[in-house]
Amino acid sequence: MNNDNSVLVLAETRGRRLHPVNFEMLAWGSKLAGQLEVPLDCAVLGSEVEEADELIKQGADRVFLVSPGSLPGFLATPLASLLVDLIREIKPAIVIAPATTSGRTLLPIAAARLATGLTADCTELSIDPKDNLLLQTRPAIGGNIMATIKTPLTRPQMATVRPRTIRPLTRDESKRGDIIFKQYGLQGKTWPEKLLAFHRDENSDNTLEGADIVVAGGKGMKNKDNFRLLEDLAGVLGAGLGATRVAVEAGWAPFSRQIGLTGKTVAPKLYIGAGVAGKIQHLAGMITSEYIIAINEDKDAPIFKVADLGIIGDAPTMAAKLTAALREFKRGGSAPNADGAI
Amino acid sequence: MKIIVLIKQVPGTSNVRMDPKTGAMVRDPSDTVLNPLDEHAIAEAVRLKEGLPGARVTALTMGPPAALKVLREACARGADNGCLLSHRAFGGSDTIATSRVLAAAIRKLGSFDLILAGEKATDGETGQTGPMTATMLDIPVVTFARRLELKDSGAINVLRLVEEGSEELEVSLPALVTVVREINNPPLPTLRKHVLAKKLSFPVWGPEEIGLKETETGLKGSPTRVAKVFSPKFARATVFHRADSEAGAFEAVAAVLNILKARDLLNKGDKI
């Protein structure tokens, strides 16, 4: 195994804790490192994490703890500097980070300093067997086109990767690896940015983009009272509640709930569109969902073209029926035909 | 105070339709607009300017000659002047090559205090050009800003929107800040400014004017290559249920429950 040209995953931390998205990134990294037959590295920058060993059990061969405890939080300039120093020393072939606010800030800075290519928000990564180059696939123009990008000449090949695009590996208790400490010259330096405070958002709307299930309502919910039926449905499903532009403009939901070209992009495991017509602007915000259920009265609604399951019917009525059935199921009652015998 | 706003012309979304065969988005090539997030960057620059006598706002864009339109719009929204970076050699630029051109043009424009940009553009959706341009200018960058205040001390206070809340930072100037939609409600351009902007002319610069070799820009200056473009699997094998009768609705509900069960999605949500 060639120790140079590894695959490096940039870990995301919250104070002293590791963020679960790291395990997804390690799953992608492990797939690539396996194909290239190189080690899988993981870097923790600036913070003193409690469970570095966990990164090994989840797939890393080497964990680099870079200047642990040197930084109070997310400060882009020094963090990017640590990342660039590490990349220059260990010379990975590939560097990936989650497409979070941190990853989407640090990787462009590092790529610019290293004058190498960076692809944003990839949903699929693989190795081209012909030239061992990283194939970075990402949705473009709101998910209507997929583009596969290569970085042929410069190193490393860098990508930010959309969370929830892969399942973490099965944790391997017996897996062994190295934890390596690195210190790069941060001491005594002053940085242009200073962290003054962190305000935790108790009723954060980020629940929509991170949800495994998204319930979205559109014009077909007909009025604000009906739209509330979707709050119940989302509640019983543990889903994020979204809306089309029409529903937002009608005042049924706040703008922070809007899905589409001018709103949020969601890619849940399951999307349920209730009374959503499926205008292209909305589709752009949910087309990469794994499974799509559409409920609409109009059998010609464009949403049905992208749906896996289409229910032709009145959306408010169906929303209420679904909520009732799910509540019944959770109470331990028998859901209608839930064993698959239809 | 000198503020530069980075803006971009992007395809419009008013007349998009879907190609029924490929599922790809078909757009009218003449239908272009100012990137929506850039409206917020411009509005923020103009808001800051209004409190500072003598402050100036310059809009900067790279694009085809037609991108003069978005410079005019920026001026109609309150920018004082603008500059277009347009040349055949710039074609096919990825985010690194684009940032290199923007950084070189900013150096040529002279001193500046603050650069603002939208967090991302609706076409590429990378959000990379802001941080990369800042890095090439060797200045700090703050991304995802939802509030920005000038301090007396030659610094700014920025509230930065992140996953679990927001971070408050103090950053020394010069700096580059990318803004999110929540930062302001951009006022519409006034008719008077709109008319004035129509009369403005803007310098158009190519590689020579900003001191770059043609090989440093465009496709040649781009480390990334598009290997393949394809339509995602769009047409799904839709299973239909008619829920216009009690029995039909019952079956439809059962079908949804089966999907939730099969995908292991029934364990979330409210406990009953």
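Please refer to the structure higher up on the page.
A brief report on the enclosed structure follows. (Residues numbered from 1 in each chain as written. Chains lettered and ligands numbered in written order. Predicted model: local features only at pLDDT ≥ 70, side-chain atom pairs only at ≥ 80, totals over all residues. Heavy atoms only, no water.)

### Brief notes about the overall build of chain B
Per the secondary structure count, chain B includes six helices and 15 strands. Projected onto the principal axes, the alpha-carbon positions of chain B cover approximately 70 × 45 × 40 Å. Counting across all 272 residues of chain B, residues that qualify as buried make up 54%. The long-range share in chain B, meaning contacts at least 24 apart out of those at least 6 apart in sequence, stands at 69%. Carbon and sulfur atoms make up 53% of the accessible area of chain B, which totals about 12500 Å². Both charge centroids of chain B, one from 36 positive and one from 32 negative side chains, sit 5 Å from each other. (Helix = DSSP H or I, 4+ residues; strand = E, 2+ residues; numbered from the N terminus. Buried < 20%, exposed > 50% of the residue type's maximum accessible area, 1.4 Å probe, protein only. Contact = heavy atoms within 4.5 Å. Areas by Shrake-Rupley, 256 points an atom, 1.4 Å probe, with all protein chains shown as cover. Lys, Arg positive; Asp, Glu negative; His and termini not counted. Charge placed at Lys NZ, Arg CZ, Asp CG, Glu CD.)

### Details of the pairing of strand β14 (residues 213-217) of chain A
All names here are of chain A. Counting buried positions over the five residues of β14 gives five, a clear majority of the element. Neither face of β14 is open: one carries Ile 213, Val 215 and Gly 217, the other Val 214 and Ala 216, and all of them are buried. In this sheet, strand β16 (residues 270-274) lies alongside β14 in parallel orientation, the contact comprising five bridges. Looking at β16, one finds that Ala 216 is bridged to Gly 273. Where β14 lies against strand β15 (residues 240-243), four bridges are found, and the strand directions are parallel. Its bridge partner being in β15, Val 214 is matched across the sheet by Gly 240. Handedness of the β-α-β unit built from β14, helix α6 (residues 224-237) and β15 comes out right-handed. (Pairing = 2+ DSSP bridges. Right-handed = clockwise from strand over helix to strand, strands pointing away.)

### Brief notes about the sheet that holds strand β11 (residues 165-172) of chain B
Spatial ordering of the open sheet is given by β13(A)-β11(B)-β10(B)-β9(B)-β12(B)-β8(B)-β1(B)-β6(B)-β7(B)-β13(B), a layout of ten strands whose pairing is mixed. Single-partner strands in this sheet number two, and they are β13 (193-200) of chain A together with β13 (204-205) of chain B. In this structure, β13(A) lies alongside β11(B), joined through seven bridges in antiparallel fashion. Looking at the pairing, A:Phe198 lines up with B:Glu167 of β11(B).

### Things to note about the packing of aromatic side chains
Taken as a whole, this structure holds two aromatic pairs over all chains when the rule is applied. On the basis of an interplanar angle of 45° and a centroid distance of 6.1 Å, the ring pair of A:Phe227 and A:Trp252 is categorised as tilted. In this pair, A:Phe227 is assigned in helix α6 and A:Trp252 in the loop between α7 (245-249) and β16, connecting sequence segments 25 residues apart. Judged by its relative accessible area of 2%, A:Phe227 falls in the buried class. Above the ring of B:Trp205, the side-chain terminus of B:Lys108 is found at 5.0 Å from the ring centroid. (Phe/Tyr/Trp six-rings, centres within 6.5 Å; stacked < 30°, edge-to-face > 60°. Lys NZ or Arg CZ within 6 Å of the ring centre and 35° of its normal.)

### Considerations on the layout of surface pockets
Each pocket or cavity is described by its volume, and for the second largest pocket that value is around 1300 Å³. If you trace the second largest pocket, you find 50 residues lining it, with B:Lys8, B:Ser93, B:Thr98, B:Asp123 and B:Gly124 closest to the centre. (1 Å grid on protein atoms, 1.4 Å probe; cavity = no way out; pocket = protein on both sides within 12 Å on 5 of 7 lines; lining within 4 Å. Points joined across faces, edges and corners; volume = space filled by probe spheres on them.)

### Notes on unusual backbone geometry
Leave glycine aside and you will find that most residues have negative phi; peptide bonds, for their part, are mostly trans. Cis peptide bonds are those with omega within 30 degrees of zero, and the linkage from A:Arg155 to A:Pro156 qualifies with -5°. B:Pro174 follows B:Leu173 through a cis peptide bond whose omega is 0°. Phi angles above zero are rare outside glycine, and A:Asp121 is one such case at about 60°. Tracing the backbone shows A:Asp121 in strand β7 (residues 118-122). Despite not being glycine, B:Asp138 has its phi angle at roughly 60°, a positive value. The residue B:Asp138 is located in the loop between α4 (129-136) and β9 (141-150) in this model. Accessibility expressed as a relative area gives 71% for B:Asp138, which makes it exposed.

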